[in-house]
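# Per-entry structural report
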Amino acid sequence: MNAPARLDDALPLESTVLVVPGMHCAGCMGKVERAFAGLSGVHSARVNLTARQVRVEHEASVREPDLMAALADAGFASQPRVEDLSAPPSAVKPLLAPLAVAAFACMNVMLLSVSIWSGAEGSTRDLFHWLSALIGVPAIAYAGRPFFTSAWAALSKRSTNMDVPISIGVTLATGLSLYETATGGDEAWFDGTLMLLLFLLAGRVLDAMMRDRARAGVDALLRQAAPGAMVVGKDGSVEWIAARDLVPGMVMRVAAGERLAADGTIATGQSRFDRSLLTGESAPVTMLAGDTVHAGTLNLEAPIDVKVTAAGLDTSLAEIARLMEAAGQVRSRYVRIADRASRLYAPVVHTLAALTLAGWLIAGAGLHHSLVIAIAVLIITCPCALGLAVPVAQVVASGALMRAGIMVKDGAALERLATIDRALLDKTGTLTLGRPLPDPASLTALDADEAAVALALATHSRHPLSRALADALSDHRAAELQDVSEEAGRGVSATWQGQPVALRRPDSASGIATALAIGARPVRLITFADRLRPDAQQALAELKALGIEATILSGDNPAAVAEVSRQTGLTAQAAASPADKQGAIARLQAAGHKVLMAGDGLNDGPALSAADASIAPGSASDVGRQAADLVFLGDSLLALPRGVRAARRTMAVVKQNFVLAIGYNALAVPLAMAGYVTPLIAAIAMSTSSLIVIANSLRLYGAAR
Amino acid sequence: MNGLAVLIPVALGLGMLGLLAFFWALKRGQFEDLDGAAARILIDDEDDKAA
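Residues numbered from 1 in each chain as written. Chains lettered and ligands numbered in written order. Predicted model: local features only at pLDDT ≥ 70, side-chain atom pairs only at ≥ 80, totals over all residues.

Scanning chain B for helices and strands turns up three helices and zero strands. Scanning chain B from its N terminus toward the C terminus, one meets helices and strands in the order α-α-α. Within the span of chain B, comprising 51 residues, buried residues form 4% of the whole. (Helix = DSSP H or I, 4+ residues; strand = E, 2+ residues; numbered from the N terminus. Buried ≥ 20, exposed ≤ 12 C-beta atoms within 10 Å, placed from the backbone.)

Helices and strands together make up the secondary structure of chain A, namely 25 helices and 26 strands. Partitioning the intrachain contacts of chain A with sequence separation of at least 6 by distance along the chain shows that 69% fall at a separation of at least 24. (Contact = placed C-beta atoms within 7 Å.)

Residue and element names in this part refer to chain A. For helix 19 (residues 536–545), the set of buried residues is A536, A539, L540 and L543. Buried residues along helix 19 cover an arc of 100° about the axis, so they all sit on one side. Looking at the buried residues of helix 19, the elements they touch are strand 15 (422–425), helix 15 (427–431), strand 21 (524–532), strand 22 (549–553), helix 20 (558–568) and helix 24 (639–673). After helix 19 finishes, the residue G547 shows a positive phi value of roughly 80°. (Arc of directions from axis to C-beta.)

Attention now moves to the sheet that holds strand 7 (residues 251–254) of chain A. Residues and elements named next belong to chain A. Strand order in the open sheet formed by six strands is 6-5-7-13-8-11, with antiparallel pairing between adjacent strands. Looking at the sheet topology across the chains shown, the edges are occupied by strand 6 (238–242) and strand 11 (292–293). For strand 5 (residues 228–232) and strand 7, the ladder comprises three bridges, and the chain directions are antiparallel. Looking across to strand 7, one finds that M230 is bridged to R253. (Pairing = 2+ DSSP bridges.)

Turning our attention to the interface of chain A and chain B. Much of the literature gives interface size as the accessible area that the parts lose upon coming together. With 17 residues of chain A at the contact, the number on the chain B side is 21 residues. Of all the secondary structure elements, the ones that give two or more residues to the side of chain A that touches chain B are helix 1 (26–35), strand 2 (42–48) and helix 3 (93–117) of chain A. It is helix 3 of chain A that contributes the most residues to the side of chain A that touches chain B, eight residues altogether. Partitioning the side of chain A that touches chain B into residue classes produces 13 nonpolar, four polar and no charged. (Nonpolar A, V, L, I, M, F, W, Y, C, P; charged D, E, K, R; others polar.)

Splitting chain A by domain gives domain 1 (13–81), domain 2 (228–314) and domain 3 (435–531). Distance between the C-alpha centres of domain 1 of chain A and domain 3 of chain A: 35 Å. (Domains from an automatic or database assignment.)

Residue and element names in this part refer to chain A. Read from one edge to the other, the open sheet built from four strands follows the order 2-3-1-4, with strand pairing classed as antiparallel. Across the chains shown, the open sheet's two edge strands, defined by having one partner strand only, are strand 2 and strand 4 (79–80). Inspection of the sheet shows strand 1 (residues 13–19) paired to strand 3 (residues 53–59) by seven bridges, in the antiparallel sense. In the strand pairing of strand 3, S15 is matched with E57. Sitting on the sheet, helix 2 (residues 64–73) touches strand 1, strand 3 and strand 4, and the angle it makes with strand 1 is about 50°. (Axes fitted to C-alpha atoms, helices over the stretch in contact; angles between N-to-C directions.)

All names here are of chain A. Core analysis: the largest hydrophobic core is formed by 144 residues, its most contacted members being A102, L194, L197, L198, V377, I380 and L596. With sequence-adjacent residues up to four places away left out, I380 is seen in contact with A668, V669, A672, V677, A682 and A685. Listed in part, the 26 residues of the second largest apolar core include L457, A472, W496 and I526. (Core = buried A, V, L, I, M, F, W, Y, C linked by C-beta atoms within 7 Å.)

All names here are of chain A. Here G22 lies in the loop between strand 1 and helix 1. Classification of G22 by C-beta neighbours within 10 Å gives partly exposed; the count is 14. Residues G22 and T678, spaced 656 residues apart in sequence, show a C-alpha to C-alpha distance of 56 Å. Look past the residues within four positions of G22 in its chain and what remains in contact with it is F76 and A77.

Right, let's talk about helix 4 (residues 122–143) of chain A for a bit. Residue and element names in this part refer to chain A. In this model, helix 4 (22 residues) spans 30 Å end to end at C-alpha, consistent with the 32 Å of a helix rising 1.5 Å per residue. In the structure, helix 4 departs most strongly from a straight axis at G136, where the bend amounts to approximately 25° and where the proline P138 lies between one and four residues downstream. Listed as buried for helix 4 are R125, F128, H129, L131, S132, A133, I135, G136, A139, I140 and A143. (Expected span 1.5 Å × (residues − 1). Bend = angle between axes of the 7 residues up to and from the residue.)

With that out of the way, let us pick up the confidence of the model for chain A. Taken as a whole, chain A shows an average pLDDT of 80; of its residues, 88% reach a score of 70 or greater. Here residues 1–9 of chain A is a poorly scored stretch, pLDDT under 50, and it has zero contacts once near neighbours within four places are set aside; other chains count. (pLDDT = per-residue confidence, 0-100.)

All names here are of chain B. With 82% of its residues at a pLDDT of 70 or more, chain B has an overall mean of 78. Least confident of the elements in chain B is helix 3 (residues 47–50), whose mean pLDDT is 46; most confident is helix 1 (residues 2–27), at 86. Interface confidence for the predicted complex, given as ipTM, is 0.76, next to a pTM of 0.72.

Attention now goes to the packing of helix 3 of chain A against helix 1 of chain B. At a minimum axis distance of 10 Å, the contact between helix 3 of chain A and helix 1 of chain B shows a crossing angle of 170°. One way to sum up the angle between helix 3 of chain A and helix 1 of chain B is to call them roughly antiparallel. Each of L96, A97, A100, V101, F104, M107, N108 and L111 of chain A in helix 3 of chain A lies in contact with helix 1 of chain B, whose residues at this interface are A11, L12, G15, G18, L19, F22, F23 and L26 of chain B. Here the residues of the contact of helix 3 of chain A with helix 1 of chain B sort into 13 nonpolar, three polar and no charged. (Parallel < 35°, antiparallel > 145°, perpendicular 65-115°, else oblique.)

Here we take up unusual backbone geometry. All names here are of chain A. Positive phi outside glycine occurs at Q497, with the angle close to 45°. The topology assignment puts Q497 in the loop between strand 18 (491–496) and strand 19 (499–504). Judged by the 13 C-beta atoms lying within 10 Å of it, Q497 is partly exposed. Located in the positive-phi region is A575, a residue other than glycine, with phi close to 50°. Inspection of the secondary structure puts A575 in the loop between strand 23 (572–573) and helix 21 (578–590).

A few words now on the environment of A289 of chain A. Residues and elements named next belong to chain A. With respect to the secondary-structure elements, A289 resides in the loop between strand 10 (285–287) and strand 11. Sequence separation between A289 and T181 is 108 residues, and the spatial gap between their C-alpha atoms is 86 Å. Among residues more than four places away in sequence, those in contact with A289 are I266, A267, T268, G269 and Q270.

All names here are of chain A. Within the fold, V390 resides in helix 13 (residues 384–403). A count of 30 C-beta atoms within 10 Å places V390 in the buried class. Between the alpha carbons of V390 and A539 there is a distance of 28 Å; along the sequence they are 149 residues apart. Contact partners of V390, with chain neighbours within four places excluded, come to I337, A338, G411 and V654.

In C-alpha cells, the structure reads:
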C-alpha cells in the first residue's frame, strides 16, 4: 500500500454546497446551520442567503445524502448544486473596488478642496493641489477603468456609448488639472472628476446588484429541479445519473410523480402521463410498454422502467431549444433607454464644448483660458445625474417587486414591460394552476369520518393526487389507521376501526379521479381537475383596465381551452404548437403591438423569448423560467397587472429623472459657457442634481402594491 | 503650517487604513451574501438551549 493519501493526521476537509430553496429568513438560516450540528464529521456550515445555499465543510466520511437527510430532518428540502449552473460571475464584485477607491479619493480630495475654496492661497494652495493630484490621478486611473475599457471597446467598433463622453471628460479634466497644478494655477478639478466617477460607479453598482440579486433568485429555482434519472444497472443496482450523462440504451426507473429526464420507450410497466409541460395538453395520457415517452413529461401513476432512446441534445426538447435560439431577436434589438439618451446626448455635449472653445478663441481669449472654459463645460455636462437616473429607479422598483414576489431579471425587462399593450396567456400552468386539485363539490360530499380517513390515507402516499388531496383536506383531523400499505399503481389501503379502507384507482372514470372505499359504505369518487389560478378574473380585469388586451394561446385541445375561455371571457387560440405561438407573436408585433407572453411550459419557451416581455410562474419548467424576463412566486395571477403597473411607474420616474438631470444641465451649461463655473459650483451642482434624482427614484419604494 | 505637515499625513493614513480594511473585507468574501448578513443579526442562539 503506497497510497499517498492519509499521510497527515488532520483529515482533509471536503466542502459540499447544497441548494436550499426554502430558506428565506434569519430563523431558517439558524435552523439550517444548526441542522448539521448533530452530524459527526461536519466541521462547519455557513449559509449564503442571497444564493439560497449552504456550504458544509466536512470530512470525507460524510456523504452528500447524509447532509441532505440532516436538512430534511430540520424541515428543509435541499439539492446538491448542479455544477454547470453554478453562480455566474457576479457583475457587482469587479465594481466594488473601484467604487471604494473613488469614494476614498473623493473624500480626501474634497477635504483639500474645501480649504482651497475657503481661501487657501499661494504655497498652501499649490501644496494642496499637488496632494490632490497625488491622490487623484492614480485613483482616477484605477476607478475609471470600467468606463475607459467600455468606451474603448465602443470606439474600436466605431460606435459610441455613454462611456465615451464620460471618458473624454474625465481624461481632459484630469489633464487640465495636472497642467494647472504644475503651473501653479488657480483651479484644479480633481474633486469634481472624482465625484463624477463616484456617482457613476454607484449607479453601475446598483444596476449590477439588481441583476445579481434577481439572477440568484432565479438560479435557486432552477437548481431545485435536479435533472437526471435513477438508472438500473445490469446487475440490478440503481444509481442516480445526471441528465447530460444519460446515453441511449440505459434503463431509467421513473417513480410516480417524477419527470422523465430523456426520451425513451417504456420497457416494463404502464402508467398515465401528464404531458402538459411539453404540449400544453392537460388530460393525462395512458402509455403501455413499448410506447414512446418524451423528456419533460410527468409520470402520474405507477413506477415504470424506460429504455432511453434519445438523450441530451437529441431529445424532442432540442427542437424547442433551437426555436428559442432563433427567437429573442426582438430583445437583442432593444436599445436601453440610457443608451438611447446618450446617443442624443454625447454629440450635443461635444458640440457645445467645441463651440465654447471656438467662441472664446474668436472673442480673443487666450488658448489656455478658452480650453479651461471648454473643459468646464464638459465636466458640468458630464452625465452624472443621468448615470443615476435609470439604475436607481429600476433598482428601487425591482426591490419593491421582489418583496411582492416578482423577480425581475434585469432593468431592460422593466423598460420593455412598460410598453406592453397586448398579452398572450398560456392556459395550463399559467391561467390555471397546472396541477390537479380535488373538485370542491366531491370533497363537501364527504362526511367527517370519510374526510378523516381520506386525509389519513392520502398522507401515507407521495403520489401527486394524494398530496393534492392531503393539502385540500388539511383542515380535518386525520383518522388513526392500522396496517397501512401502498401498492404502486393501485393505491393506499389500511384498516380503520376494524374495517378495510382504501384510496385507490377508480374502476372507471373520465378524467382524473381517485376512489375512496370504506368497508361496506358506497365508494366515493373524488374527481380532480386543473383549476384557474386564484384572482385570475381580477387580474384579467386589471389588465384590461391598464389597456392591455389579453387572449389565450394554448397548446391544449380546443374543448379544454373553450372551457377556460368561457370562464375567463377571453378569446382563445387552441392546439398551438411552439412554432404557432411564436408566429402569433410575430404577427402581433408586425401589426405594431408590444406583446407580453405569460407562459410556463417548455412549449412556451420560444414564445417567451420572442415576445417583447415575458413572465413565468415560479412553478414553470426550467426553460420557461430561463426564457422569461420576470418570474413570479406564489399562485396569484395578480402578479401580471402588478408587474405592468410597477414597470409603467418606473418608466415615468425614469423620465422625470431625465427631465431633472437635463434641467440642471440647461441651467448650468450657459454659466459654464460664459466662464462663470468654478470647481466649487460644479461640485455643488453635481451632488445636488444627483441627490434630487435619487430622492425622486425612492418614491418607487411602494411601486408594487 | 507645521500642524498641516502632521495632520495631512495622519488624515490620509487613516483614510488609507479604511480603504485597506475594505479591500481586505472584499477579498475575504464579506460582500458575498448581503441579505444573509442583514438577517444573521436576528438569529436567536437561545434556541440551542430550548431544543
